[in-house]
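# Structural overview
The primary structure of each chain is shown beneath.
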Amino acid sequence: MAKKKAKNQQDKGAGGTPATVALTAAGVDYTVHSYDHDPSHPSYGEEAAEAMGVSPDRVFKTLVADVDGALTVAVAPVAGQLDLKALAAAVGGKRATMADPALAERTTGYVRGGISPLGQRKKLPTVLDDSSSAHPTICVSAGRRGLEVELSPDDLAKLTDAVLAPIGRA
């Protein structure tokens with residue numbers, strides 16, 4: 001596993017993703033973790049946790065759902081599943097379903113398995129699972145498969161204007 005500490009002056013040029021560029025522009029401390037993505041692995045999030053040697057409770061997946069006709073981003077631990085009813089309730093909606101993958105990719109500007117909650121093409125309402133508060137840092141996609149960013153959950157919530165709610169379930 002290659003790991004680099006991204007300095008706030010770095011990453012504005014070539015090689016940065018929209019997520020890391022957004023973090024750098026915000027002056028947030030973060031660490032980038034890269035690993036060789038295995039296309040045959042059944043779970044992007046579990047693969048990331050295994051490759052980085054991090055507990056799946058600290059690695060969060062970014063999912064895009066449709067809540068009453070509006071796309072919404074859910075950031076939940078890879079150790080469990082997204083509770084769609086809880087997600088809808090967190091944003092004042094009644095019903096949530098997973099968004100069409102092609103629509104999620106077009107709207108966020110990222111490919112499935114590499115969707116980051118940061119630096120999206122269109123800013124969407126975001127809900128971060130409240131279990132994130134139990135950790136000093138969590139890992140989320142940095143904007144491409146095989147690339148994760150580690151940062152404080154408070155910084156992630158501030159940068160995405162996230163609502164904290166219990167949206168993950170075991």
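Residues numbered from 1 in each chain as written. Predicted model: local features only at pLDDT ≥ 70, side-chain atom pairs only at ≥ 80, totals over all residues. Heavy atoms only, no water.

### Examining the sheet that holds strand β6 (residues 96-98)
What the five strands build is an open sheet, ordered β6-β3-β4-β7-β10; its pairing is mixed. The strands lining the two open edges of the sheet, one partner per strand, are β6 and β10 (163-165). Recorded for the sheet is a direction-independent mean angle of 35 degrees between the axes of neighbouring strands. Note: strand β7 (residues 126-129) against β10, three bridges, orientation parallel. Paired with Asp129 across the strands is Ala165, a residue of β10. (Pairing = 2+ DSSP bridges. Helix = DSSP H or I, 4+ residues; strand = E, 2+ residues; numbered from the N terminus. Axes fitted to C-alpha atoms, helices over the stretch in contact; angles between N-to-C directions.)

### A look at the environment of Pro39
On the secondary structure map, Pro39 appears in the loop between β2 (30-34) and α2 (44-52). Residue Pro39 is classed as exposed on the basis of its relative accessible area of 69%. Residues Pro39 and Arg95, 56 residues apart in the sequence, show an inter-C-alpha distance of 32 Å. (Buried < 20%, exposed > 50% of the residue type's maximum accessible area, 1.4 Å probe, protein only.)

### Thoughts on unusual backbone geometry
With a phi close to 50 degrees, Asp68 is a non-glycine residue in the positive phi region. Its location among the elements puts Asp68 in the loop between β3 (60-67) and β4 (70-77). Overall, Asp68 belongs to the partly exposed group, its relative accessible area being 46%.

### Remarks on the pairing of strand β9 (residues 147-151)
Within β9, five of the five residues are buried, leaving the element largely enclosed by the surrounding structure. Side chains of β9 alternate between two faces, with Leu147, Val149 and Leu151 and Glu148 and Glu150 buried alike. The pairing of β2 with β9 spans four bridges and is antiparallel. Among the inter-strand pairings, Val32 is bridged to a residue of β9, identified as Val149.

### Some points on the environment of Leu71
Mapped onto the elements of the fold, Leu71 is located in strand β4. Given a relative accessible area of 15%, Leu71 falls into the buried group. Sequence spacing of Leu71 and Ala104 is 33 residues, and the spatial spacing of their C-alpha atoms is 8.1 Å. Once you skip the residues sitting within four places of it in the chain, Leu71 turns out to touch Val64, Ala65, Asp66, Ala99, Leu103, Thr107, Leu124 and Pro125. (Contact = heavy atoms within 4.5 Å.)

### Structural notes on the nonpolar core
Among the nonpolar cores identified, the biggest contains 26 residues, and Leu23, Val75, Leu128, Val140, Val149, Leu151 and Leu156 are the most heavily contacted of them. Excluding anything up to four places from it in sequence, Val149 contacts Leu23, Tyr30, Thr31, Leu118, Ile138, Cys139, Val140, Ser141 and Ala142. Leu87, Ala96, Ala165 and Ile167 belong to the second-largest nonpolar core, a separate cluster that totals 12 residues. (Core = buried A, V, L, I, M, F, W, Y, C linked by side-chain atoms within 4.5 Å.)

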